[in-house]
Amino acid sequence: MPRLPPSLFWQARQALSPLAAPLLRVCRDLPSTANELRWMREHIAVTPSLIPPKLRLWQFAERRARGEPLQYVLGTQPFGDLEIKCRPGVLIPRPETEAYTIELGRILLSSHTNNPKTKLITILDLCTGTGCIALQLFRQLQASATLLRVQGIDISPHAVSLARTNLSHNLNLNNLLVPRPPTEEANQSQTIRFTQADIFSPSFLTTQQQQQQQQQQQNQDQVDLDLLVSNPPYISQPGFARDTARSVRNHEPRLALVPELRGGSDDATQFNKGVLPEDIFYARLLDIAKTLRPKRVLLEVASMEQGSRVVDMLTQDDDTAKLYPHVEIWRDCPHAEFQRQTIGDREIRIRGSGEGRSVYLCRADM
Amino acid sequence: MLAAPWVCRSCVRSLGRAGVPQLWRKASTAASPTGAPPALIARARKIAAEHDQLVTSLETDFDPQMAKRVGEISRVATALKEFQKANASLSELYSLTQSDDAEMREMALDDLESTKAEMEELGRNLSLALTPKHPFADMPCLLEIRPGPGGTEGRHFGATLFHMYQAYCVSKGYRTRVVKYETSDSDGQKGAEGEPPLTEAVIEVQEPGAYAAFRGEAGMHRVQRVPATEKQGRTHTSAVAVWVLPSFPENNPEIEADFEDPENDFYIDPTEVRTETMRARGAGGQHVNKTESAIRLTHIPTGTTVSMQDSRSQSSNRVYAWRVLRSRIAAQRREAREEIARNLKNSVLNQSQITRGDKIRTYNYQQDRCTDHRSGLDVHNLPNVLEGGEMLSKIIDSIQAWLTEKDIQNLVAEEEAEALESSRKKGK
């Protein structure tokens, strides 16, 4: 990090506030320091507390100056139409995630309105963390889908309890309509739930399949998952030490950032065949996709290179390659037009602008 | 004898002068009240004929576009009918005044006065019906306040204007939302009443029809006062620009669908807009945790840029930035279109067309006065104006009336020019 000139600190103290100078160490420039101070003040103004406001502001600035992420200091982060609570131990939702989630919601919504015969929409969000993706998709589809099932799964009990808190928090804020519980009329229910599970455990797939079969029996027709979405840990060991920002490295959970297998050497050899250590989650996620056959899959990746590695993995397995002929890589802002590119012997489409951010797969019949 | 024991000579002399110096404006900016000029009536006849024709054709087969047009021009047709009725009775009365019966003559003369007054009224109605409704009149609006060059003083006054409009909207019961409120960081000086130096503010007045209500506010607002920063007590003059742009209702699927329609003023081709996020290049996603949510949109063909950083969420910043960009582009397009129309029609210079250079109003603190230069209205009790009180609404009403008069005048001039053109063609 380049050294900041002392005059900048002086300026911050003079123009903004005496609290701005320590904040400048983490914000690095005056406009963003001014913004963060303003957000802190706004937060203090809307949240009542026994602590006097000036003291609270000082406390916030102190914590932030020590490198703690602003989202942990204020306890929230806006995400799409929602306000997501953030707590130490659970990854903070990123704006890139927000961008592709909103785009995904739009795609699901338009495909739902285009063929209204498919009443049920089921979404599985793996490594859900704060539950932001699941909640935002639920929010976007709530108005038009009469049958909506969203499930979020995370290995961390902290994350699962925070995701549930976020559900009730946004219900209280009226950002979400109250989900309709399953009643006698099976075609009128909207559910969202968060459960704790290890997606690497062998029992995970069988329980998911059982659930799916149960649903099929209830509805008497073929119900595949509509969407499998995941923001798994994807940073490599050296990358964690080298590329991550200090506030991320020191304050956010390593579990959510760097893929590590805790199941012992068996799992490691099983999934490590020709797969880089930072890609092991994708190998597993593609396995899950192969079994559950979701209509669409979206996996967040770190960069274009990792994205093409995931596409390679997909092409190596004939079954999944046939299942998902339609492959896209989305960049940070997935709103813009397509470009075409070939990876291996496969032509894929690249959408948007910015760094490669996610791999989007779509089944042929969609 | 004189009541006063002594009067100075110059005063005595001044008493003998022909008149008292005039303390009011000699020229009036109001359009002369006429019933309805012949050019207008000719135009109304044309429109009424079209109306009748459309109505008869609508009876046989229904066409939604035709029905829409009928709805638009029916106002003119009815106004013309009433006008003609009054006109007929007026000529009848005139013929009666020529009658031999003295009693009859008297009665006719009595009625003549009231009928003439009625004619005036109906003529005004007719001209009002003929003046095209402003295309954005029903829309909510964005009020942009930007201090002109001239340092801190203008910025302080910008903050005052911001509060004035907010208070005015509160007193009128309009719903507002502050889209943007940016104060200057570099100079921390506060104004006389502790107002911060404003660099830019945008208020959205969410009331439908707010654009029509605030249309007259656009232009340069001049302030004359002794600034808080002035040590020697000199009066400074600075200016703040206020722009009024049409906004569009948030949850209106009808208008939102129209964004896709290239004919719409609000349409912007997404490929023509460059989006810049102020995030650092390089690794993103889980690697970094920047709170920087600012976004800047640049409309490449016009070079219009909008930057937004108020919310912590980038996506909501993006939504608001798009909205402001759409409004600005729509206003520019409309201005350009009007410019072209003006040149084509070769009509009189439209003075109500406000370009940003004209000063429209002066706030003078020393004289406790607020003057609007277009309607020529002088209002005292400046604090009440700045609180958005009755005095401000008086000024705004006067501007509204003035704008309507101007619209009518322009219409008449336009009609006359057209008539001249056609007669010249016939002559050839």
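Calculation notes
Residues numbered from 1 in each chain as written. Chains lettered and ligands numbered in written order. Predicted model: local features only at pLDDT ≥ 70, side-chain atom pairs only at ≥ 80, totals over all residues. Helix = DSSP H or I, 4+ residues; strand = E, 2+ residues; numbered from the N terminus. Buried ≥ 20, exposed ≤ 12 C-beta atoms within 10 Å, placed from the backbone. Contact = placed C-beta atoms within 7 Å. Pairing = 2+ DSSP bridges. Axes fitted to C-alpha atoms, helices over the stretch in contact; angles between N-to-C directions. Parallel < 35°, antiparallel > 145°, perpendicular 65-115°, else oblique. Left-handed = near helix turned anticlockwise from the far one by under 90°. Nonpolar A, V, L, I, M, F, W, Y, C, P; charged D, E, K, R; others polar. pLDDT = per-residue confidence, 0-100. Expected span 1.5 Å × (residues − 1). Arc of directions from axis to C-beta.

As annotated in an unreviewed UniProt entry, chain B is Prokaryotic-type class I peptide chain release factors domain-containing protein from Podospora didyma.

As annotated in an unreviewed UniProt entry, chain A carries the name S-adenosyl-L-methionine-dependent methyltransferase and comes from Podospora didyma.

*Asks:* Any chance you could break down the overall build of chain B for me, citing the residues and the numbers?
*Replies:* For chain B, the helix and strand inventory stands at 10 helices and 11 strands. Here chain B, with 428 residues, has 29% of them falling under the buried criterion. Across chain B, contacts joining residues at least 24 apart in sequence account for 65% of those joining residues at least 6 apart.

*Asks:* Go over the overall build of chain A, please, and point to the residues and values.
*Replies:* Looking only at helices and strands, one finds 15 helices and nine strands in chain A. Expressed as a percentage of its 366 residues, the buried residues of chain A come to 42%. Taking the contacts inside chain A whose residues are at least 6 apart along the sequence as the reference set, 65% of them involve residues at least 24 apart.

*Asks:* Provide a residue-level description of the sheet that holds strand β11 (residues 378–380) of chain B, including the pertinent values.
*Replies:* Residue and element names in this part refer to chain B. Taking strand neighbours across the sheet as the criterion, the eight strands line up as β2-β3-β1-β5-β4-β9-β10-β11 in an open arrangement whose pairing is mixed. Edge positions in the open sheet fall to β2 (176–183) and β11, since each of these has one partner strand only. This sheet shows a mean twist of 15° between the axes of neighbouring strands, independent of strand direction. Pairing analysis gives five bridges linking strand β4 (residues 219–225) to strand β9 (residues 359–364), with the strands arranged parallel. Residue Arg222 lies in a different strand from β9, and its bridge partner there is Thr362.

*Asks:* Tell me about the packing of helix α3 (residues 64–97) of chain B against helix α4 (residues 102–130) of chain B, and please be specific about residues and values.
*Replies:* All names here are of chain B. α4 packs onto α3 with a crossing angle of 160° between their chain directions and a minimal axis gap of 9 Å. With respect to α4, the axis of α3 lies roughly antiparallel. The hand of the α3/α4 crossing is left-handed. Tallied by class, the residues present in the contact of α3 with α4 amount to 17 nonpolar, five polar and five charged.

*Asks:* Give me the lowdown on the confidence of the model for chain B, citing residues and values where you can.
*Replies:* Residue and element names in this part refer to chain B. For chain B, the mean per-residue pLDDT works out to 78, and 83% of the residues sit at or above 70. Note on residues 30–34: pLDDT under 50 across the span, and six contacts to partners over four residues away in sequence or across chains. Taken as a whole, residues 344–356 scores under 50 in pLDDT and shows 20 contacts with residues more than four places along the chain or in a different chain. Listed scores for the predicted complex are pTM 0.66 and ipTM 0.88.

*Asks:* Lay out the sheet that holds strand β7 (residues 295–299) of chain B with the relevant residues and their values.
*Replies:* All names here are of chain B. If you trace the three strands from one edge of the open sheet to the other, you get β6-β7-β8, paired in antiparallel fashion. Two strands in the sheet have a free side with no partner beyond their single neighbour: β6 (273–277) and β8 (304–308). For this sheet, the mean inter-axis angle between neighbouring strands, taken without regard to orientation, is 15°. Sheet topology places β7 next to β8; five bridges connect them, and they run antiparallel. In the sheet register, Arg296 faces β8, and the bridge partner there is Ser307.

*Asks:* Kindly report on the interface of chain B and chain A, identifying the contributing residues and their values.
*Replies:* Facing the 21 residues of chain B at the interface are 37 residues of chain A. When residues of the side of chain B that touches chain A are assigned to their parent elements, the largest contribution, three residues, is made by helix α8 (residues 314–345) of chain B. When the residues that make up the side of chain B that touches chain A are grouped by side-chain class, the tally is two nonpolar, 16 polar and three charged.

*Asks:* Requested: an account of the pairing of strand β10 (residues 369–372) of chain B, with residues and values cited.
*Replies:* Residue and element names in this part refer to chain B. Across the two faces of β10 the burial differs, with Cys370 and Asp372 buried and Arg369 and Thr371 not buried at all. Looking at chain direction, β9 and β10 are connected through four bridges and run antiparallel. The partner of Asn364 across the bridge, within β10, is Arg369. Once β9 ends, the chain turns through four residues before running back antiparallel as β10, passing Asp368 with a positive phi of about 55°. As paired elements, β10 and β11 share three bridges and run antiparallel to each other. Looking at the pairing, Cys370 lines up with Val379 of β11. If you look at the hairpin formed by β10 and β11, you'll find five residues sitting between the two strands, and Gly376 has a positive phi there, around 70°.

*Asks:* Account for the packing of helix α13 (residues 280–292) of chain A against helix α14 (residues 304–316) of chain A, naming residues and giving values.
*Replies:* Residues and elements named next belong to chain A. At a minimum axis distance of 10 Å, the contact between α13 and α14 shows a crossing angle of 40°. Relative to α14, α13 is oriented oblique. The interaxial crossing formed by α13 with α14 has right-handed handedness. Facing α13, whose interface residues are Tyr282, Ala283 and Leu286, α14 presents Val310, Met313 and Leu314. Of the residues belonging to the contact of α13 with α14, the class tally is six nonpolar, no polar and no charged.

*Asks:* Can you tell me about the confidence of the model for chain A, naming the residues and giving the values?
*Replies:* For chain A, the average pLDDT comes to 87, and 91% of its residues sit at 70 or higher. Across chain A, the secondary-structure element scoring lowest on mean pLDDT is helix α12 (residues 265–271) of chain A, at 52, and the one scoring highest is strand β6 (residues 227–230) of chain A, at 95.

*Asks:* I'd like a description of the environment of B:Ala419, backed by residues and values.
*Replies:* Residues and elements named next belong to chain B. Looking at the secondary structure, you find Ala419 in helix α10 (residues 390–427). Taking the C-alpha atoms as reference, Ala419 lies 9.3 Å from Ala42; in sequence the two are 377 residues apart. Those residues in contact with Ala419 that lie beyond four places of it in its chain are Ala39 and Ala42.

*Asks:* Go over unusual backbone geometry with me, naming the residues and quoting the values.
*Replies:* Residue and element names in this part refer to chain A. Even without glycine at this site, Cys127 takes up a positive phi of about 55°. Positionally, Cys127 belongs in the loop between β3 (120–126) and α7 (132–141). Within the chain, Asn174 stands out as a residue other than glycine whose phi angle is a positive 65°.

*Asks:* Residues and numbers for the environment of A:Gln212, please.
*Replies:* Residue and element names in this part refer to chain A. Tracing the chain through its elements places Gln212 in helix α9 (residues 202–219). By the C-beta count within 10 Å, which is 18 here, Gln212 ends up partly exposed. For the pair Gln212 and Leu292, spaced 80 residues apart in sequence, the C-alpha separation works out to 8.3 Å.

*Asks:* Describe in detail helix α6 (residues 95–114) of chain A, supporting the description with residues and values.
*Replies:* Between its first and last C-alpha atoms α6(A) spans 29 Å; for 20 residues at 1.5 Å apiece the expected length is 28 Å, and the two agree. Within α6(A) the residues assigned to the buried category are A:Pro95, A:Glu96, A:Thr97, A:Glu98, A:Ala99, A:Tyr100, A:Thr101, A:Leu104, A:Gly105 and A:Leu108.

*Asks:* Report on helix α4 (residues 53–65) of chain A, specifying residues and quantitative values.
*Replies:* Residues and elements named next belong to chain A. Here α4 is 13 residues long and its end C-alpha atoms lie 18 Å apart, about the 18 Å a rise of 1.5 Å per residue gives. For α4, every residue scored as buried is listed here: Phe60, Ala61 and Arg64. Angular distribution of buried residues about the axis of α4 spans 95°; they occupy a single face of the element. Buried residues along α4 sit against α2 (20–27), α3 (30–46) and α5 (70–74). Looking one or two residues past α4, Gly67 carries a phi angle of roughly 100°, positive in sign.

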